[in-house]
Amino acid sequence: MAHEVEPSAQQNISITPLLRRLWPSPGENNVSAEEIAQAIALIFADQLSPVQTGALLTCLHFTGWDRRADVIAKCAEAMRAAASQIDRNSLVKVVEARGRPEGDYKGGLCDIVGTGGDSHHTFNISTTSSILASSLLLLSKHGNRASTSKSGSADLLNSTRPTAPNLMAVTPQSICKIYEKSNYAFLFAPVFHPGMKYVAPIRKELGWRTIFNLLGPLANPVEGNIEARILGVARRDIGPVFAEALQLSGARKAMVVCGEEDLDEISCAGQTYCWRLVDRSSHQSTPRDVDIESFAICAADFGLPAHALKDVSPGKEPHENAAILTKLLQNQLPRDDPIFHFVLMNTAALFVIAGVCEADTSDMGHGDDGKVIQERGPGGGRWKEGVRRARWAVESGEAWRQWTQFVEASNSFSTP
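All values reported here derive from a predicted model rather than from experimental measurement.

(A) Expanded view of the environment of Glu398. Along the polypeptide, Glu398 turns up in helix α16 (residues 398-410). Owing to a relative accessible area of 15%, Glu398 belongs among the buried residues under this scheme. For Glu398, the residues in contact, after removing those within four places along its chain, are Ser135, Trp392 and Ala393.

(B) Up close: a nonpolar patch on the surface. A contiguous nonpolar surface patch, about 340 Å² in accessible area, is contributed by Trp23, Phe62 and Trp208. Note on placement: Trp23 falls in the loop between α1 (16-22) and α2 (33-44).

(C) Structural detail: the packing of helix α6 (residues 125-133) against helix α13 (residues 318-329). The contact between α6 and α13 brings their axes to 11 Å, and the two run at 25 degrees. Between α6 and α13, the angle is such that the two are roughly parallel. Regarding α6 and α13, the two cross each other, and that crossing is right-handed. Of α13, the residues touching α6 (which contributes Thr128, Ile131 and Leu132) are Leu325, Leu328 and Leu329. In terms of residue class, the contact of α6 with α13 is built from five nonpolar, one polar and no charged.

(D) Looking closely at the environment of Ala189. Secondary-structure assignment places Ala189 in helix α9 (residues 189-192). Taking the relative accessible area as the measure of exposure, Ala189 reaches 12% and is therefore buried. On a C-alpha basis, the gap between Ala189 and Ala154 in space is 9.2 Å, while along the polypeptide they are 35 residues apart. Setting aside its immediate chain neighbours within four residues, Ala189 contacts His142, Gly143 and Asn144.

(E) Quick look at the pattern of salt bridges. In this structure the tally under the stated criterion is 22 salt bridges. With its nearest N and O atoms 3.2 Å apart, the salt bridge here joins Lys74 to Glu34. Of the two residues, Lys74 is situated in helix α4 (residues 69-81) and Glu34 in helix α2; the sequence distance between them amounts to 40 residues. The class for Lys74 is partly exposed, based on a relative accessible area of 31%. Given a relative accessible area of 37%, Glu34 falls into the partly exposed group. The partner of Arg376 in a salt bridge is Glu358, with the nearest N and O atoms 2.8 Å apart. Of the two residues, Arg376 sits in the loop between α14 (338-354) and α15 (383-395) while Glu358 sits in the loop between α14 and α15, which places them 18 residues apart along the sequence. Judged by its relative accessible area of 25%, Glu358 is partly exposed. Through salt bridges with shared partners, a single network forms among Glu102, Asp368, Asp369, Glu385, Arg388 and Arg389.

(F) The arrangement of helix α3 (residues 50-63) in detail. Between its first and last C-alpha, α3 extends 20 Å over 14 residues, near the 20 Å set by a 1.5 Å rise per residue. Among all positions in α3, only Gln52, Thr53, Gly54, Leu56, Leu57, Cys59, Leu60, His61 and Thr63 are buried. Next to the buried residues of α3 lie β2 (13-14), α1, α2, α10 (200-206) and α11 (212-215). Just beyond α3, the residue with positive phi is Gly64, at close to 80 degrees.

(G) Structural view of the nonpolar core. Leu91, Leu137, Leu157, Met255 and Phe302 are the most contacted members of the largest nonpolar core, which has 83 residues in total. Here the element with the most residues in this core is α14; it accounts for 13 residues. Residues in contact with Phe302, not counting those within four places in the same chain, are Ile266, Ile297, Met345, Ala348, Ala349, Trp383, Lys384 and Val387. Core analysis: the next-biggest nonpolar cluster, separate from the first, contains 54 residues, Ile202, Leu214, Ala219 and Ala243 among them.

(H) Local environment of empty space enclosed by the protein. Throughout the structure, instances matching the rule amount to one cavity of 30 Å³ or more. Put simply, the largest cavity is a space of about 30 Å³. Ile112, Val113, Gly114, Ser126, Ile230, Gly232, Val257, Asp264, Glu265 and Asn346 are the residues that line the largest cavity. In terms of residue class, the lining of the largest cavity is made up of four nonpolar, four polar and two charged.

(I) Representation of the packing of aromatic side chains. The tally for this structure, following the rule as stated, stands at seven aromatic pairs. Ring plane angle 80 degrees and centroid distance 6.0 Å describe the contact between Phe44 and Phe212, whose orientation is recorded as edge-to-face. Pair noted here: Phe44 is in helix α2 and Phe212 is in helix α11, with a separation of 168 residues, a long-range link. Residue Phe44 is classed as buried on the basis of its relative accessible area, which comes to 9%. Given the relative accessible area of 5%, Phe212 is considered buried. Seen in terms of ring centroids, Phe295 and Trp383 are 6.2 Å apart; in terms of plane orientation they differ by 45 degrees. Their pairing is tilted. Within this pair, whereas Phe295 is found in strand β9 (residues 290-297), its partner Trp383 is found in helix α15, the two being separated by 88 residues in sequence. The residues Phe295 and Trp383 share a single accessibility class, namely buried. In this structure an aromatic cluster arises from ring pairing among Tyr184, Trp403 and Phe406. When the ring centre of Trp65 is taken as reference, the NZ or CZ atom of Arg68 above it lies at 3.9 Å. The ring of Tyr273 is capped by Arg236, whose NZ or CZ atom sits 3.7 Å from the centre of that ring.

Calculation criteria
Think of each chain on its own: its residues are numbered from 1, step by step along the sequence as written. The predicted nature of this model means local features are confined to residues of pLDDT at least 70 and side-chain atom pairs, given and counted, to a pLDDT of 80 or more, with totals for whole chains, interfaces and linings taken over all residues. In computing side-chain properties, one takes all heavy atoms of the structure into account and sets aside hydrogens as well as water. Secondary structure is summarised from DSSP: a helix means a run of H or I of at least four residues, a strand means a run of E of at least two, and numbering begins at the N terminus for each. The cut-offs for exposure are 20% and 50% of the maximum accessible area for each residue type, with area from a 1.4 Å probe on protein chains only; residues under the lower value are buried, those over the upper are exposed, and the others partly exposed. Any two residues whose heavy atoms approach within 4.5 Å are treated as being in contact. To count toward a patch, a residue needs a relative accessible area above 30% and no salt bridge. Like charges then connect within 9 Å, nonpolar side chains (Val, Leu, Ile, Met, Phe, Trp, Tyr) within 5 Å. Residue burial considers only the protein chains on display, and all accessible areas are found by Shrake-Rupley using a 1.4 Å probe. Salt bridges are identified by distance alone: a Lys or Arg side-chain nitrogen within 4 Å of an Asp or Glu carboxyl oxygen. Here, axes are lines fitted to C-alpha atoms. For helices the fit covers the stretch in contact, and angles between N-to-C directions go from 0 to 180 degrees. Here roughly perpendicular refers to angles of 65 to 115 degrees, roughly parallel to angles under 35, roughly antiparallel to angles over 145, and oblique to all remaining angles. Each helix crossing is assigned a hand: it is left-handed if the near helix lies turned anticlockwise from the far helix by less than a right angle, otherwise right-handed if that turn is clockwise. Each residue is assigned to one class: nonpolar for Ala, Val, Leu, Ile, Met, Phe, Trp, Tyr, Cys and Pro, charged for Asp, Glu, Lys and Arg, and polar for all the others, Gly among them. Working rule for helices: expected span equals 1.5 Å times residues minus one. The term nonpolar core refers to a set of buried residues drawn from Ala, Val, Leu, Ile, Met, Phe, Trp, Tyr and Cys, joined through side-chain atoms within 4.5 Å. Think of a 1 Å grid over the protein atoms and nothing else: a 1.4 Å probe that fits but is trapped marks a cavity, an open set flanked by protein within 12 Å on at least five of seven lines marks a pocket, and residues with an atom within 4 Å of a point count as lining. Grid points are joined across faces, edges and corners, and a volume is the space filled by probe spheres set on the points. Any pair of Phe, Tyr and Trp rings, taking the six-membered ring for Trp, is counted once the centres come within 6.5 Å. Such a pair is stacked with planes under 30 degrees apart, edge-to-face with planes over 60 apart, and tilted for the rest. Remark: a charge is flagged as sitting over a ring if the NZ atom of Lys or the CZ atom of Arg is within 6 Å of the ring centre and within 35 degrees of the ring normal.

Function cannot be inferred from these measures alone, as they are strictly geometric.
Here's what the structure looks like:
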């Protein structure tokens, strides 16, 4: 993009030539995803003026180019490159020491995340499911404060009692120490993506969703070390786009989901549309060896009854949702509670995608009867086995144990 850049003020760089080509027909003007990503990268370095930043985001939105797989993948790569960097060698060592391979799960880091913006105000499902999943998997939950809901993932966790985790203390410098103590870590976006502060006020003033609403789920700071993930989107047409973006980014184990109600997680009410990445290679290879399979699942495939969204959408403040989370983790919710079922389904899906449900034997620990449910459902997944394992995470106390260890570890560090 060197020929597209005109130096202006000492700090800012002008992208006027690129903007002229972006509107109204970027395709006719041969604009590339790489050029767009390079322009986006200027934002993180505070080298793009607010006016040009707004113009760039507006062009991408109204041309639909912010919903192209190649653009999303390249811009997410630029966002990760601008993030505060983690010592990868140390991370690999602690993951190898801490991870517990089982079935097709190799013991690597996992994430479950949604794009948000579905306007349903359901309970914090992906955040709660991430904690349950840490009973068997290493979790790197990437999240932030609320954008379109009352209770974002960070708002929820900051409201937990009796002691909340110190999310600001989970940093590139402390993350490996956290994993020495717990399978769980919450990576608070403002800590790892300081450059996002330059675009925050512009996004607020624009008044519509921008490409940054889509980049978050692909901007996990430990990307490259993530073995498996569930990614929820709030629009069905975005599902295959995200699956392709993951494929282009080199992901090999992932599933993109969209509830038929335009819900950015697996729905407990109706069908959920799924796009699963399936690795066809037997060795490290290229994205072409990863296929995308699409299918639909519903509560019955998990062996659970359906529940109306109004029964899992308390619309409560963070401290009220945090009380529900604590009750769930302490096994104090009824076994047939709709929110509990909703969480079980989404946790089960991550277990399936990670590969632990492919094990034909089971020795999770105290309370595990060892009776693996080998029945397969849509997409070939052992969804009911995932639920069995998710129930065990709660009933054994293992999810609560991993959570309290994370809280304790995060509070052992001083805030930068």
